Amino acid sequence: MALHCPECGFANSDGANYCARCGAFLAGATPGSTGVTTASFRISGDGTVLESLPVTARGPGASLVIRAGGGRAGESFDLGAERITVGRRPDSDVFLDDVTVSRDHAVIVRRGAAFYLDDCGSLNGTYVNRRRIESHRLSDGDELQVGKYKLAFLQR
């Protein structure tokens, strides 16, 4: 039995948690639950998997992984620092080079063991799980959208 993606309609294999074509979360799976694995793939226009990209949390506890946007799927960023800048400014910790991203778009701040995503007054907004946010406490498996980029927050 195939799981059809609610975003693009692609027929995914049974047991998939995310769409192999667009990366959308598939209903019935629980992000961050035991047994959920995050993976990224480079997909051709017809839905054929061209390349599997390894995705692992690299740092002491948390990482951001680009799931889609800018041809950078699978790239990950360690969230080991207390404050991580996200934006189009070349010296940003998470540099996202696209006009849909503000120069100083957002910041990720560690408060104790928790990570918070704060929008910095960006023009196009910052989204977590498809909701626009000003500030949001991140949980394992959250999907962030910054401009055209979709990123996954992974915490181990």
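Everything quoted here is computed from the prediction, not taken from an experiment.

Undergrad: Can you walk me through the pattern of salt bridges in this structure?
TA: If the charged atoms of two oppositely charged side chains come close together, the side chains can form a pair. Using the criterion set out here, one finds five salt bridges in the structure. Where Arg 67 meets Glu 143, a salt bridge forms, and the shortest distance between an N and an O atom there is 2.8 Å. In this pair, Arg 67 sits in strand β5 (residues 62–68) while Glu 143 sits in strand β14 (residues 143–146), placing the two residues 76 residues apart along the sequence. Accessibility classification places Arg 67 together with Glu 143 in one group, the buried group.

Undergrad: So what exactly am I meant to see when it comes to the side chain of Asp 119 here?
TA: For Asp 119, the position within the fold is in strand β10 (residues 114–119). No salt bridge is formed by the buried Asp 119; the nearest opposite charge belongs to Arg 132, separated by 5.6 Å. Reaching out from Asp 119, the side chain makes a polar contact with the backbone nitrogen of Gly 121 at a distance of 2.9 Å. A distance of 2.5 Å separates a polar atom in the side chain of Asp 119 from a polar atom in the side chain of Thr 126.

Undergrad: Got a minute to help me understand the packing of aromatic side chains in this structure?
TA: To describe a pair of aromatic rings, one takes the distance between the centres and the angle between the planes. On inspection of all chains with the given rule, the structure shows one aromatic pair. For the cation-ring pair, Arg 111 lies above Tyr 116, with the distance from its terminal atom to the ring centre recorded as 4.4 Å.

Undergrad: What am I meant to see in the sheet that holds β14 here?
TA: The strands that make up a sheet pair up through hydrogen bonds in the backbone, lying either parallel or antiparallel. Here we have six strands laid out as an open sheet, ordered β6-β5-β15-β14-β11-β12, and antiparallel in their pairing. Either end of the sheet is taken by a strand with one partner, and the two such strands are β6 (76–78) and β12 (131–133). Looking at each pair of strands side by side, their axes are set apart by 30° on average, direction ignored. In this structure, β5 lies alongside β6, joined through three bridges in antiparallel fashion. Note that in β6 the partner of Leu 64 across the bridge is Phe 77.

Cut-off values and rules
- Residues numbered from 1 in each chain as written.
- Predicted model: local features only at pLDDT ≥ 70, side-chain atom pairs only at ≥ 80, totals over all residues.
- Heavy atoms only, no water.
- Salt bridge = Lys/Arg side-chain N within 4 Å of Asp/Glu carboxyl O.
- Helix = DSSP H or I, 4+ residues; strand = E, 2+ residues; numbered from the N terminus.
- Buried < 20%, exposed > 50% of the residue type's maximum accessible area, 1.4 Å probe, protein only.
- Lys, Arg positive; Asp, Glu negative; His and termini not counted.
- Polar contact = N/O pair within 3.5 Å; in protein donor to acceptor, adjacent residues only side chain to side chain.
- Phe/Tyr/Trp six-rings, centres within 6.5 Å; stacked < 30°, edge-to-face > 60°.
- Lys NZ or Arg CZ within 6 Å of the ring centre and 35° of its normal.
- Pairing = 2+ DSSP bridges.
- Axes fitted to C-alpha atoms, helices over the stretch in contact; angles between N-to-C directions.

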